[in-house]
Amino acid sequence: NDPGEACDPSIASCDNGLGRTNGCPGDTGVCPIIDPNPAGDRCDNAIALGAFGTVSGNTTDFHDDAGFGAPGDACTGSSTTGPEVVYSLTLPAGSTLSAAVSSARDLGIYLVRGCPITGQASCLAGADSGYLGATEQITYMNAASATAVFLLVDGFEDSPDYFGPYDLTWSVVP
């Protein structure tokens, strides 16, 4: 079933236009039309974060645009070729960011400086050592002046075990 088409119960899923499927919505019976560039899909439309909080998200309808990807990547120690959601925040001088992502899927988390995200040179911290259901955590102390950074929730690769819903928790303390 393609976006905007009636959902065929014998197929029971909708193509999101990225080669991934979502379940057939029971309330409308029509496959949703997916925004090709949703907020958080790239660093130029990153979702702004405050000093602390928790957000729930889902990487399913996002692209893989970050420049990380080689197995053994220095940022996370792992491949990050799945779809990611990009968040932005500013770290005051001398502050420490702590962040964690939890999911039933295999997702990683990393912190980068610069847009576009160009690979290992921009990585400040990253974690992707667990597998399905593991919580990944990072801590980064900003010894420099106030710095604009991007926090990414990313999948190991582009297959169903590696994209989906998550909870991101973070705090920035002086």
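Up top is the structure these notes are about.
What you see is a predicted model, and the numbers here were worked out from it, not measured in a lab.

Draft legend 1. The arrangement of the overall build of the chain in detail. Secondary structure assignment for the chain yields 0 helices and 11 strands. Put simply, the chain runs from its N terminus to its C terminus through helices and strands in the order β-β-β-β-β-β-β-β-β-β-β. Across the 174 residues that make up the chain, the buried fraction comes to 43%. Here the contacts in the chain between residues at least 6 apart in sequence split such that 72% fall between residues at least 24 apart. Element-wise, carbon and sulfur atoms account for 55% of the exposed surface of the chain, whose accessible area totals about 7,900 Å².

Draft legend 2. Highlighting the environment of Ala104. Tracing the chain through its elements places Ala104 in the loop between β6 (96-102) and β7 (107-112). Judged by its relative accessible area of 63%, Ala104 is exposed. A C-alpha to C-alpha distance of 4.0 Å links Ala104 and Gly133, two positions 29 residues apart in sequence.

Draft legend 3. Quick peek at the nonpolar core. Leu111, Leu151 and Leu168 are the most contacted members of the largest nonpolar core, which totals 24 residues. For this core, the secondary-structure elements that each account for two or more residues are β5 (84-91), β6, β7, β8 (123-127), β9 (136-141), β10 (147-155) and β11 (165-173). Residue contacts for Leu151: discarding those within four places in its chain leaves Leu49, Val85, Val86, Tyr87, Leu89, Ala99, Ile109, Tyr110, Leu111, Ile138 and Leu168. Within the second largest apolar cluster, 9 residues are counted, among which are Ala66, Cys75, Val86 and Leu152.

Draft legend 4. Geometry of the sheet that holds β5. The 5 strands are arranged β3-β5-β10-β7-β8 in an open sheet whose pairing can be described as mixed. At either margin of the open sheet sits one strand with a lone partner, and together these are β3 (47-48) and β8. Looking at chain direction, β5 and β10 are connected through 8 bridges and run antiparallel. Paired with Val85 across the bridge in β10 is Val153.

Draft legend 5. Up close: the environment of Ile138. Within the fold, Ile138 resides in strand β9. Look at Ile138 and you get buried, because its relative accessible area is 5%. Sequence separation of Ile138 and Ala99 is 39 residues, and the distance between their C-alpha atoms is 5.4 Å. Residue contacts for Ile138: discarding those within four places in its chain leaves Leu97, Ser98, Ala99, Ile109, Tyr110, Leu111, Ala125, Gly126, Ala127 and Leu151.

Draft legend 6. Representation of the pairing of β8 in the model. Counting buried residues in β8 gives 4 out of 5 residues, a clear majority hidden from the surface. Sheet topology places β7 next to β8; 4 bridges connect them, and they run antiparallel. Directly across from Leu111, in β8, lies its bridge partner Ala125.

Draft legend 7. Region of interest: the sheet that holds β9. With antiparallel pairing, the 4 strands of this open sheet are ordered in space as β4-β11-β6-β9. Of all the strands in the sheet, just β4 (52-58) and β9 have a single pairing partner and so form its edges. Direction aside, the axes of adjacent strands within the sheet are offset by 15° on average. Across 7 bridges, the pairing between β6 and β11 is antiparallel. Following the sheet pairing, Ala99 is matched in β11 by Trp170.

Draft legend 8. Quick peek at the pattern of salt bridges. Across all of its chains, the model carries 1 salt bridge by this definition. Residue Asp41 pairs with Arg42 through a salt bridge whose shortest N-O separation is 2.9 Å. Since its relative accessible area comes to 0%, Asp41 is described here as buried. Under the relative-accessibility criterion, Arg42 is labelled partly exposed at 28%.

Procedures and definitions
Residues numbered from 1 in each chain as written. Predicted model: local features only at pLDDT ≥ 70, side-chain atom pairs only at ≥ 80, totals over all residues. Heavy atoms only, no water. Helix = DSSP H or I, 4+ residues; strand = E, 2+ residues; numbered from the N terminus. Buried < 20%, exposed > 50% of the residue type's maximum accessible area, 1.4 Å probe, protein only. Contact = heavy atoms within 4.5 Å. Areas by Shrake-Rupley, 256 points an atom, 1.4 Å probe, with all protein chains shown as cover. Core = buried A, V, L, I, M, F, W, Y, C linked by side-chain atoms within 4.5 Å. Pairing = 2+ DSSP bridges. Axes fitted to C-alpha atoms, helices over the stretch in contact; angles between N-to-C directions. Salt bridge = Lys/Arg side-chain N within 4 Å of Asp/Glu carboxyl O.

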